[in-house]
Amino acid sequence: MSAVNITNVTVLDNPAPFLTPFQFEISYECLSPLNDDLEWKLIYVGSAEDETYDQLLESVLVGPVNVGNYRFVLQADPPDPSKIREEDIIGVTVLLLTCSYLGQEFIRVGYYVNNDYEDEQLKEEPPQKVLIDKVQRNILSDKPRVTKFPINFHPENGEKGEELQAPPPDQPTEIVGDGEQPADSGTLISGQEA
């Protein structure tokens, strides 16, 4: 069983203009005290074909973490459009929220993001050069893809990686959210719009 469970993620300010900062309200519970920090990251996938276009939007350390329930808002700057190929700005991409402990990622929440012009005329007749100030992003927050990875939260005790009932411990567990979807016994991930 994981020492940390995400109980809820709410996407705030969605939909929003492309250049607006991202905001996620994250709720989680800690079931056993952790001596080190949790590292939360928000990553924007700039191209499905080439990960060199991925942008780390934010990385924050939280901890040490005692037993209890926690909630915070993770805010991140938008991606730098100059680091995204022009043909990849409009359309669907992915935003990844990850959490790691002692350098070991144990959960990843992926969201599809649709970037398009808000103006119907621009949608029908897009300009040759993207007008970034006219692009709106819409995070498809009701269908997150949650992937859990077994890790050792207490290496000081000499424990091996935690075991999941299925699949085998060396394989991640993937859950596709649909509204409020149980991600693992008692873990709920929702993508409510604020």
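Our subject is the structure that appears above.
In this text, all values refer to a predicted model and were calculated from it rather than measured experimentally.

Another aspect to go through is the overall build of the chain. Helices and strands together make up the secondary structure of the chain, namely two helices and 13 strands. Out of the 194 residues belonging to the chain, those deemed buried represent 42%. Of the contacts formed within the chain by residues at least 6 apart in sequence, a portion of 66% connects residues at least 24 apart. Of the roughly 10400 Å² of accessible surface on the chain, 47% is carried by carbon and sulfur atoms.

As a further point, take the sheet that holds strand E3 (residues 22-30). Ordered by their spatial adjacency, three strands build an open sheet running E1-E3-E6, and the pairing between neighbours is antiparallel. On the outer flanks of this sheet lie strand E1 (4-12) and strand E6 (68-76), each paired with one strand and no other. The mean angle between the axes of side-by-side strands here comes to 20°, regardless of whether they run parallel or antiparallel. As judged from the eight bridges shared by E1 and E3, these two strands associate in the antiparallel manner.

Take a nonpolar patch on the surface next. On the surface, a nonpolar cluster with roughly 290 Å² of combined accessible area is contributed by Val92, Tyr112 and Leu140. Residue position: Leu140 is located in the loop between strand E9 (135-139) and strand E10 (145-148).

The next thing to look at is the environment of Asn66. Along the polypeptide, Asn66 turns up in the loop between strand E5 (55-62) and E6. The residues touching Asn66, leaving out its near neighbours within four places in the chain, are Cys30 and Pro33.

This next bit is on the environment of Phe24. Within the secondary structure, Phe24 sits in strand E3. Of the residues examined, Phe24 reaches a relative accessible area of 0% and is grouped as buried. Separated by 16 residues in sequence, Phe24 and Asn8 have C-alpha atoms that sit 10.0 Å apart. When neighbours within four sequence positions are excluded, Phe24 is seen to be in contact with Val9, Thr10, Val11, Leu42, Phe72, Val73, Leu74, Leu95, Tyr111 and Ile139.

All right, on to the packing of aromatic side chains then. If you walk through the whole model with that rule in mind, you get eight aromatic pairs. Relative to Trp40, the ring of Tyr28 lies with its centre 5.4 Å away and its plane at 50°, an arrangement referred to as tilted. Of this pair, Tyr28 sits in strand E3 while Trp40 is found in strand E4 (residues 38-45), placing the two residues 12 residues apart along the sequence. Like Tyr28, the residue Trp40 is buried in the burial classification. A centroid spacing of 5.0 Å and a plane angle of 65° characterise the contact between Phe106 and Phe153, whose relative ring orientation is edge-to-face. You can see Phe106 sitting in strand E8 (residues 104-117) and its partner Phe153 sitting in the loop between E10 and strand E11 (173-176), a full 47 residues away along the chain. Judged on exposure class, the residue Phe106 and its partner Phe153 are both buried. When the ring centre of Phe22 is taken as origin, the NZ or CZ atom of Arg137, which lies over that ring, is 3.8 Å away.

This next bit is on the environment of Val94. Inspection of the secondary structure assignment puts Val94 in strand E7 (residues 91-101). Once the C-alpha coordinates of Val94 and Ile139 are considered, the two residues, 45 residues apart in sequence, prove to be 8.8 Å apart. Ignoring sequence-local partners within four residues, the contact set of Val94 consists of Ile43, Tyr44, Val45, Tyr111, Tyr112 and Val113.

Nonpolar side chains tend toward joint burial in soluble globular proteins. Counting residues in hydrophobic clusters, the biggest one holds 40 residues, and the most contacted among them are Phe24 and Leu38. Mapped onto this core, the elements with two or more residues apiece are E1, E3, E4, E6, E7, E8 and E9. If you tally residues by element for this core, the top one is E8, at six residues.

Thresholds, definitions, all that
Residues numbered from 1 in each chain as written. Predicted model: local features only at pLDDT ≥ 70, side-chain atom pairs only at ≥ 80, totals over all residues. Heavy atoms only, no water. Helix = DSSP H or I, 4+ residues; strand = E, 2+ residues; numbered from the N terminus. Buried < 20%, exposed > 50% of the residue type's maximum accessible area, 1.4 Å probe, protein only. Contact = heavy atoms within 4.5 Å. Areas by Shrake-Rupley, 256 points an atom, 1.4 Å probe, with all protein chains shown as cover. Pairing = 2+ DSSP bridges. Axes fitted to C-alpha atoms, helices over the stretch in contact; angles between N-to-C directions. Patch = residues over 30% accessible without salt bridge, like charges linked within 9 Å, V, L, I, M, F, W, Y side chains within 5 Å. Salt bridge = Lys/Arg side-chain N within 4 Å of Asp/Glu carboxyl O. Phe/Tyr/Trp six-rings, centres within 6.5 Å; stacked < 30°, edge-to-face > 60°. Lys NZ or Arg CZ within 6 Å of the ring centre and 35° of its normal. Core = buried A, V, L, I, M, F, W, Y, C linked by side-chain atoms within 4.5 Å.

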